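Commentary on secondary and tertiary structure
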Amino acid sequence: MTELSINECHWFLLSSKPREEQRGFDNLSNQGYDVFLPKVAKVKKRQGVKSVSLEPLFPNYLFINLDQSEANFNAIRSTRGVGSFVRFGLNYATLSDSLIK
């Protein structure tokens, strides 16, 4: 977690509604936000047949790059598929660019 400064973009952590990470990602992307949803390929076996599917690396979480001074947090929270911002007390959970890369 990093300390926020004015007029800088930071990656914020969002929780999604259950199993709606992709919906939240699509809707936020359509609104023009820079959103990150890391996925990993998983092999599943159903009825003896193996298949590979892409699943979120962090289920129920999305990352969004925002300038805190200009962002409309209410619009983001009310986007379909998005639950809320992750917070620690009064502080939003943020990540550095190097961690996202």
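Our structure is the block above this text.
This write-up is about the structure you can find in this document.

Parameters and conventions
- Residues numbered from 1 in each chain as written.
- Predicted model: local features only at pLDDT ≥ 70, side-chain atom pairs only at ≥ 80, totals over all residues.
- Heavy atoms only, no water.
- Buried < 20%, exposed > 50% of the residue type's maximum accessible area, 1.4 Å probe, protein only.
- Helix = DSSP H or I, 4+ residues; strand = E, 2+ residues; numbered from the N terminus.
- Pairing = 2+ DSSP bridges.
- Core = buried A, V, L, I, M, F, W, Y, C linked by side-chain atoms within 4.5 Å.
- Contact = heavy atoms within 4.5 Å.

**A look at the pairing of strand E1 (residues 9–16)**
The element E1 is largely enclosed, with a buried count of seven among its eight residues. Pairing of E1 with strand E9 (residues 94–95) involves two bridges; the strand directions are antiparallel. Residue Trp11 lies in a different strand from E9, and its bridge partner there is Leu95. Bridge analysis of E1 against strand E6 (residues 82–85) gives three bridges, and the strand direction is antiparallel. Within E6, the residue paired with Ser16 across the bridge is Val82.

**Points about the nonpolar core**
With 13 residues, the main nonpolar core has Phe12, Leu14, Leu28, Ile64, Leu66, Ile76 and Phe85 as its most contacted residues. Only E1, strand E5 (61–67), helix H2 (73–77) and E6 provide two or more residues apiece to this core. In this structure Leu28 touches Leu14, Tyr33, Val35, Leu62, Ile64, Ile76, Thr79 and Val82, once residues within four positions along its chain are discounted. Among the nonpolar cores identified, the runner-up in size contains seven residues, and Leu13, Phe63, Ala93 and Ile100 belong to it.

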